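Notes for the structure review
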Amino acid sequence: MNTELRIVQKRIDQKSTGQNIVEPRQHKMNKNTVKNTIEDEKVNAIRVEISLKGNELRQQYPWLNYQNTIGMTLFLLSIVGIFLTAWLYINNFIPVYLTIVAIALCGSVLHEIEHDLIHWQYFKQHKPVHHLMMFIVWAFRPTSLNPWIRRRIHLLHHKTSGTSADIEERGIGNGQSFSSLRWLIMLDTFTGNLVKIIVSSSHEKKRQHVLKILAANFPFPIACAICWYSFLMIHLLNSINIYAGLNVYGFGLSFQLWFEFWFEQQSSHIELLNMVVALWIAPSYLRSFCLNFISSNMHYYGDVKTLRQQTQVLNAWYFWPFQLFCFNFGSTHSIHHFVVGEPFFIRLLTVSAAHDVMRKYGIRFNDLGTFKRKNRYQLQKQQTNTLELRHE
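Below is a summary of the structure that appears in this document. Keep in mind that what you see is a predicted model, and the values were worked out from it rather than measured.

Within the secondary structure, A223 is located in helix α11 (residues 220-243). Spatially, the C-alpha atoms of A223 and P142 are 8.4 Å apart, while their sequence positions differ by 81 residues.

And the structure:
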């Protein structure tokens, strides 16, 4: 064990067993102070071990120090992968489902790059390159909100994780019951949060909140929502018309004839819409749903008191269909809460050592009870909050 980590562990053991610790200029501590100090030491132990492993890797593999180069390489490879997949689909070499999956996988890498950019991990001294990368990763992940606005929201998340002030996690469903609204929010955060505001906010605040959501999601998520729901409606009506006839479902014969004529006249535009959905929109919805499902359930909400209670690790085998499209987020994001200033590829390389020390100091793994507790850390507190919400 490293000397620094051994010292931290000794301090934790001494404080947890009530042994006296002689420290200069330190007054007698009460029980709460001792408890808080022990908590701080545990957090510090986790941070020390993870940081030491990252530094060890950089010494062992010096090329890991070329952070800008690695980030740019992964950025360009992901974009090339998207364009290559699009070319194969347009030229009928691969089916639409494989196209959506492949582009979503590339988008999951771009999401990690955007997250690192939010923390100024790449090209901090070269602002034009940095901001150009920010815009491009947004354009290729069009269901995400404005990344410059998200930067403020995400940095707030690190300060307020687990509380009502954490609007980033609340905005993807964290802390809500698994109603149809939460599922909609996880799939389409823009439309879902609009619906949430409309059905739940007071009359005075609705307009203000709606305008904020529109501003944060202009232009890409708004364009995606318009195209996506138009696509669904057009093909739903067409399917009904083909298999049963629209007049059977009360639309009337005149509407059916008009729709058939319109559909034929707009066939070229509909084909273009189909292509936009396959290459741009559906992959982004798939990726963001998987990410939002994992993220909103690995973060705790409502009764979080310490950094160790903010997150859990979701790495069980049955989460892999989701993990695949969010670049193993459930396994690595808790590491980020303890050591913020590491790029995502370092977290992937240190994940085994990080999990060992996190498990040792009480971080939960695969706590499925979070689904029943509406992401509360403790069941009793969750029940209290539920009663308070019902009373309101």
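Between its first and last C-alpha atoms helix α6 (residues 147-160) spans 19 Å; for 14 residues at 1.5 Å apiece the expected length is 20 Å, and the two agree. Looking only at α6, the buried set comprises P147, R150, R151, I153, H154, H157, H158 and T160. Here the buried face of α6 lies against α4 (96-118), α5 (127-139), α7 (167-170) and α15 (329-338). Of the residues flanking the start of α6, the one acting as N-cap is N146, its side-chain oxygen 2.8 Å from the backbone nitrogen of W148. Phi for G162, located one or two positions after α6, is positive at around 90°.

Structurally, N297 can be placed in helix α13 (residues 267-298). Judged by relative accessible area, which is 0%, N297 ranks as buried. Of note is the side chain of N297, whose polar atom sits 3.1 Å from the side chain of N375. Not counting chain neighbours up to four residues away, the residues in contact with N297 comprise F178, R182, Q312, L314, T370, F371 and N375.

Reading the values: the criteria
- Counting restarts for each chain: residues are numbered from 1 in the order of the written sequence.
- Owing to the predicted nature of the model, reporting of local features is limited to residues with pLDDT of at least 70; listing and counting of side-chain atom pairs is limited to 80 or more, with chain, interface and lining totals taken over all residues.
- Calculation of side-chain values draws on the structure's entire complement of heavy atoms; hydrogens and water are dropped beforehand.
- Helix and strand labels come from DSSP, where a helix needs a run of H or I of at least four residues and a strand needs a run of E of at least two; each type is numbered from the N terminus.
- The span one expects for a helix is its residue count, reduced by one, times 1.5 Å.
- Only protein chains enter the calculation, and the probe is 1.4 Å; a residue is then buried if its accessible area is under 20% of its type maximum, exposed if over 50%, and partly exposed in between.
- For this analysis, residues touch if any pair of their heavy atoms sits within 4.5 Å.
- Nitrogen and oxygen atoms within 3.5 Å of one another constitute a polar contact, given that in protein one can donate a hydrogen and the other can accept it, and given that sequence-neighbouring residues count only through two side-chain atoms.

As far as function goes, none of this settles anything; it's purely spatial.
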